[in-house]
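# Per-entry structural report
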Amino acid sequence: MREFIDVTGKTEEEAINKALAQLGMDRDDVSVEILERAKSGFLGLGSSPARVRVSYGPEEEETPAPVAEAPKAEVKKAPEKAPEKRPERKPEKKAEKPASVKPAPAPKKETAPAADNGEEVDDEKAQAIKKFLSGLLDQMECPAQVHVYLPEKGRYKVILEGNNLGALIGRRGETLDAIQQLTSYSVNRTGGRVRVQLDAENYREKREQSLQHLAMKVAGKVVKYRRSVTLEPMNAYERHVIHTALQEVPGVTTYSTGTEPNRRVIVAYDRDKK
């Protein structure tokens, strides 16, 4: 059975951190419901702290009722009969095998074409991107090939190809995000601002699918228990994926709270959206 504690703080974030410190648990081990939001008041008058309820422990699961077994009926054994002698059968003549016919070749399955980024570009911005990343990767001792595409005007998609690029991705893509930000800053210093999107080992698409799965799983819990759930800190792009995945889901609404880099998405129950 799940247990909970109610904790107050100047802000919702402070109350949550107090509860986690009191329980000795991580954020992923609990569910958070905001009971009262903090009010600042006017000149310090009429202010009130935030109050949150932090639930922990195993979730209740319905156990199937035991099925009563029907009493076993007594079975009387019939008297054993002597085995009857069956008449011997004459061996049947084997039918002659028809001439072997080669099966028709199975039709080839059409495979979906891989995502096409178009042809690589080599304009001024693309050259600046390649020059900066090549130098940075050499310093990091992580050799990789740099491919630059222009899927739409003003947005450059950069693909890194090589072996063992996990070090360039980092924990939850943090290193990849940092390299992307440095690259964007470097190529935009001279004017003509463009957007740079960096990827390696198809990490971005895999991460997006993982976040969409997480969003639907959390939404199911929110609707079931009618309690808000606060997710782990995410960057702006990842928060956008969560908001987009749940914007049409009945019974839930989403909003962000906190400041960077600890800004989080809250998935809340919304009875008006059912």
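Check the entry above for the structure.
Below is a short write-up of the structure.

Reading the values: the criteria
Counting restarts for each chain: residues are numbered from 1 in the order of the written sequence. For this predicted model, a pLDDT threshold of at least 70 governs which residues receive local features, and a threshold of 80 or more governs which side-chain atom pairs are given and counted, while totals over whole chains, interfaces and linings are taken from all residues. For the side-chain quantities, the full set of heavy atoms in the structure was used; hydrogens and water were omitted. Secondary structure elements follow DSSP: runs of H or I of four or more residues count as helices, runs of E of two or more count as strands, with numbering from the N terminus. Throughout this description, buried means an accessible area under 20% of the type-specific maximum (1.4 Å probe, protein chains only), exposed means over 50%, and partly exposed covers the range between. The criterion used for residue contact is that any of the two residues' heavy atoms lie within 4.5 Å. For two strands to be treated as a pair, DSSP must find at least two bridges joining them. The axes used here are C-alpha line fits, helices contributing only the stretch in contact, and every angle between their N-to-C directions lies in the interval 0 to 180 degrees. Here, the term nonpolar core denotes a set of buried Ala, Val, Leu, Ile, Met, Phe, Trp, Tyr and Cys residues that are joined through side-chain atoms within 4.5 Å. The span expected for a helix works out to 1.5 Å for each residue beyond the first. Oblique is the label for every angle not falling under 35 degrees (roughly parallel), over 145 degrees (roughly antiparallel), or within 65 to 115 degrees (roughly perpendicular). Each crossing is labelled by how the near helix is turned from the far one, with a counterclockwise turn of less than a right angle marking it left-handed and a clockwise turn marking it right-handed. The reported arc concerns the directions from the helix axis to the C-beta atoms and nothing else. Pairs of N or O atoms are called polar contacts if they sit within 3.5 Å, as long as, within protein, a hydrogen donor faces a hydrogen acceptor (for residues adjacent in sequence, only side-chain-to-side-chain pairs). By definition, a salt bridge exists where a carboxyl oxygen of Asp or Glu is found within 4 Å of a side-chain nitrogen of Lys or Arg.

Attention shifts here to the overall build of the protein. Scanning the protein from terminus to terminus reveals six helices and nine strands. Evaluated residue by residue, the protein yields a buried proportion of 30% over its 274 residues. Within the protein, residue pairs in contact and separated by at least 24 positions form 60% of the contacts whose partners lie at least 6 positions apart.

The subject of this paragraph is the sheet that holds strand β4 (residues 145-152). The three strands lie next to each other as β4-β5-β6, forming an open sheet whose pairing is mixed. Unpaired on one side and paired on the other, β4 and β6 (195-200) mark the two borders of the sheet. Looking at each pair of strands side by side, their axes are set apart by 25° on average, direction ignored. Summarising the sheet, β4 and strand β5 (residues 155-161) pair through six bridges and their orientation is antiparallel. Bridge pairing in β5 links Val 146 to Leu 160.

This part is about the nonpolar core. Counting residues in hydrophobic clusters, the biggest one holds 23 residues, and the most contacted among them are Ile 129, Leu 133, Val 148, Val 158 and Leu 160. Of all the secondary-structure elements, those providing two or more residues to this core are α2 (124-140), β4, β5, α3 (166-169), α4 (174-187) and β6. Among the elements that line this core, the one with the most residues is α2, at five residues. Setting aside residues up to four positions removed in sequence, Ile 129 forms contacts with Val 148, Tyr 156, Val 158, Thr 183, Val 187 and Val 196. Residues Val 229, Leu 246, Val 252 and Val 265 belong to the second largest nonpolar core, which totals 16 residues.

For the rest of this paragraph, the subject is unusual backbone geometry. Residue Pro 261 is reached from Glu 260 by a cis peptide bond, and omega for that bond is 5°. When you line up the elements, Pro 261 lands in the loop between β8 (252-257) and β9 (264-269). A positive phi angle, close to 55°, is found at Asn 202, a residue other than glycine. Tracing the backbone through its elements, the reader meets Asn 202 in the loop between β6 and α5 (203-225). Asn 202 gets classed as partly exposed once you look at its relative accessible area, which sits at 40%.

Between its first and last C-alpha, α5 extends 33 Å over 23 residues, near the 33 Å set by a 1.5 Å rise per residue. Positive phi shows up at Arg 226, right after α5, with a value of about 55°.

To continue, consider the sheet that holds strand β3 (residues 50-56). Here three strands make up an open sheet; going across it, the order is β1-β3-β2 and the pairing antiparallel. Edge positions in the open sheet fall to β1 (3-9) and β2 (31-36), since each of these has one partner strand only. Sheet twist, expressed as the average angle between the axes of neighbouring strands with direction ignored, equals 25°. Pairing between β1 and β3: seven bridges, direction antiparallel. Across the sheet, Ile 5 pairs through a bridge with Val 54, a residue of β3. In the packing of helix α1 (residues 12-23) onto the sheet, contacts are made with β1, β2 and β3, and the angle to β1 comes to roughly 135°.

Bringing the packing of α2 against α4 into the picture now. Packing of α2 against α4 brings their axes to within 10 Å, and their N-to-C directions diverge by 135°. Considered as vectors, α2 and α4 are oriented oblique to each other. Crossing of α2 against α4: the hand is right-handed. Touching Lys 125, Ala 128, Ile 129, Phe 132, Leu 133, Leu 136 and Met 140 of α2 are Ile 179, Leu 182, Thr 183, Ser 186 and Val 187, all from α4.

On to helix α6 (residues 236-246), then. Residues of α6 that are buried: Glu 238, Arg 239, Val 241, Ile 242 and Leu 246. The arc that holds every buried residue of α6, seen down its axis, measures 155°, which confines them to one face. Those residues of α6 that are buried lie in contact with α5, β8 and β9. Sitting at the head of α6, Asn 235 places a side-chain oxygen 3.2 Å from the backbone nitrogen of Tyr 237.

Quick look at the pattern of salt bridges now. This model, assessed by the stated rule, comprises 13 salt bridges. Across the pair Arg 53 and Asp 6 runs a salt bridge whose closest N-O atoms are separated by 2.9 Å. Pair noted here: Arg 53 is in strand β3 and Asp 6 is in strand β1, with a separation of 47 residues, a long-range link. When its relative accessible area of 22% is taken as the criterion, Arg 53 is described as partly exposed. Classification of Asp 6 as partly exposed rests on a relative accessible area of 35%. Bridged by salt links that share partners, the residues Asp 6, Glu 36, Arg 51 and Arg 53 form one connected network.

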